[in-house]
Amino acid sequence: RDPLFVEAWFNFGGLLRDMGRTEAARGHLRKAVEIDPDYADAVYNLAALEYDSGNLAAARDWWQKYLDLDSTSEWARRARAGIGLVHRLLNKTARQ
């Protein structure tokens, strides 16, 4: 009913991801971030979605944006770990 209700976009994006509908989930999560660029949960979930989809550079960028929003929580620790993993994977790929 309210196209700017960010939580609806976020929640539906999560549901679509759980259903394996990656492209639709990506669109809904991006819409949530478009509505509220500081919505850290949506930013983090976009990073995880990109990582799971093999889009490592995009995952790194979203996790970095997450850290710009939240640098102290447990999720921030996970975002840092994700960035480190992406760097290792990208470096390994570049050496091959």
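Computed from a predicted structure; not experimentally measured.

K.L.:
Tell me about the pattern of salt bridges, residues and numbers included.
P.N.:
Evaluated as defined, the whole model comprises 8 salt bridges. Ionic pairing is found between Asp52 and Arg17, a salt bridge with its closest N-O pair at 2.2 Å. Taken together, the positions of Asp52 in helix H3 (residues 40-52) and Arg17 in helix H1 (residues 6-18) put the pair 35 residues apart, joining distant regions of the chain. Take Asp52: its relative accessible area is 55%, and that puts it in the exposed class. In this structure, Glu74 engages Arg78 in a salt bridge whose closest nitrogen and oxygen atoms are separated by 3.4 Å.

K.L.:
Got a sec to walk through the packing of aromatic side chains? Specific residues and values, please.
P.N.:
Counted by the stated rule, this structure contains 5 aromatic pairs. Judged by centre distance (5.8 Å) and plane angle (45 degrees), the rings of Tyr51 and Trp63 are tilted. In this pair, Tyr51 is assigned in helix H3 and Trp63 in helix H4 (residues 56-69), connecting sequence segments 12 residues apart. Look at Trp63 and you get buried, because its relative accessible area is 6%. These aromatic residues form a ring-pair network of at least three members: Tyr44, Tyr51, Trp63, Tyr66 and Trp75.

Definitions and cut-offs
Residues numbered from 1 in each chain as written. Predicted model: local features only at pLDDT ≥ 70, side-chain atom pairs only at ≥ 80, totals over all residues. Heavy atoms only, no water. Salt bridge = Lys/Arg side-chain N within 4 Å of Asp/Glu carboxyl O. Helix = DSSP H or I, 4+ residues; strand = E, 2+ residues; numbered from the N terminus. Buried < 20%, exposed > 50% of the residue type's maximum accessible area, 1.4 Å probe, protein only. Phe/Tyr/Trp six-rings, centres within 6.5 Å; stacked < 30°, edge-to-face > 60°.

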